[in-house]
Amino acid sequence: MNQFLQKTIYPNYEIVLVENNSVSPDTFQYYRKLTAEHSDRVRVITWNGKFNFSAIINFGVEASRGEYLLLLNNDTEVITPEWLNRLVGLCVEKRSE
């Protein structure tokens with residue numbers, strides 16, 4: 001997660017983390033640290049139901065505030081700082097057609 005926050009140069013984004021049935025205290029400590037340090041960008045919401053990937057994704061989408069949504073898994077790696085600029089640019093370009 002820190003690589004997104006450190007490497008992304010696009011200025012206007014939020015990260016919605018959907019917590020679903022984690023049990024490790026380290027995970028929750030990480031959430032607290034992340035939201036304390038980046039309260040303007042990161043929110044953690046909790047899915048309390050049984051595991052259902054589609055329902056969890058939809059829950060996260062409903063909680064988001066953005067005009068454009070990008071769904072990523074936790075194994076995504078940022079390899080260039082302008083990655084989000086490029087993706088949003090494509091969305092804006094498509095929208096104006």
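Summary of the structure given here. Quick caveat: nothing in here was measured; it's all calculated off a predicted structure.

## Some remarks on the side chain of Thr8
Here is step 1: Note on placement: Thr8 falls in the loop between helix H1 (2-7) and strand E1 (15-19).
Here is step 2: Given a relative accessible area of 10%, Thr8 falls into the buried group.
Here is step 3: Within the structure, Thr8 has its side chain in polar contact with the backbone oxygen of Phe4 (distance 2.7 Å).
Here is step 4: Among the polar contacts made by the side chain of Thr8, one reaches the side chain of Trp83 at a distance of 2.8 Å.
Here is step 5: Ignoring anything within four residues of it in the chain, the contact list for Thr8 reads Gln3, Tyr13, Pro81, Trp83 and Leu84.

## Details of the packing of aromatic side chains
Here is step 1: Overall, the coordinates contain three aromatic pairs when judged by the stated rule.
Here is step 2: The positively charged end of Arg41 is found above the aromatic ring belonging to Tyr13, 4.0 Å away from the centroid.

## A closer look at the pairing of strand E2 (residues 42-46)
Here is step 1: Pairing geometry for E1 and E2, over five bridges, is parallel. Bridge pairing in E2 links Ile15 to Val42.
Here is step 2: Crossover connection from E1 via helix H2 (residues 25-37) to parallel E2: handedness right-handed.

## Details of unusual backbone geometry
Here is step 1: Positive phi, close to 70°, is recorded for Asn21, a residue that is not glycine.
Here is step 2: Checked against the element boundaries, Asn21 lands in the loop between E1 and H2.
Here is step 3: Note on Asn21: relative accessible area 48%, which makes it partly exposed.

## Topic: the environment of Ile45
Here is step 1: Inspection of the secondary structure puts Ile45 in strand E2.
Here is step 2: Given a relative accessible area of 14%, Ile45 falls into the buried group.
Here is step 3: Taking C-alpha positions, Ile45 is 5.1 Å from Val18, a pair spaced 27 residues apart along the chain.
Here is step 4: Not counting residues within four places of it along the chain, the set of residues in contact with Ile45 comprises Val16, Leu17, Val18, Glu19, Phe59, Gly60 and Ala63.

What counts, and at which threshold
Residues numbered from 1 in each chain as written. Predicted model: local features only at pLDDT ≥ 70, side-chain atom pairs only at ≥ 80, totals over all residues. Heavy atoms only, no water. Helix = DSSP H or I, 4+ residues; strand = E, 2+ residues; numbered from the N terminus. Buried < 20%, exposed > 50% of the residue type's maximum accessible area, 1.4 Å probe, protein only. Polar contact = N/O pair within 3.5 Å; in protein donor to acceptor, adjacent residues only side chain to side chain. Contact = heavy atoms within 4.5 Å. Phe/Tyr/Trp six-rings, centres within 6.5 Å; stacked < 30°, edge-to-face > 60°. Lys NZ or Arg CZ within 6 Å of the ring centre and 35° of its normal. Pairing = 2+ DSSP bridges. Right-handed = clockwise from strand over helix to strand, strands pointing away.

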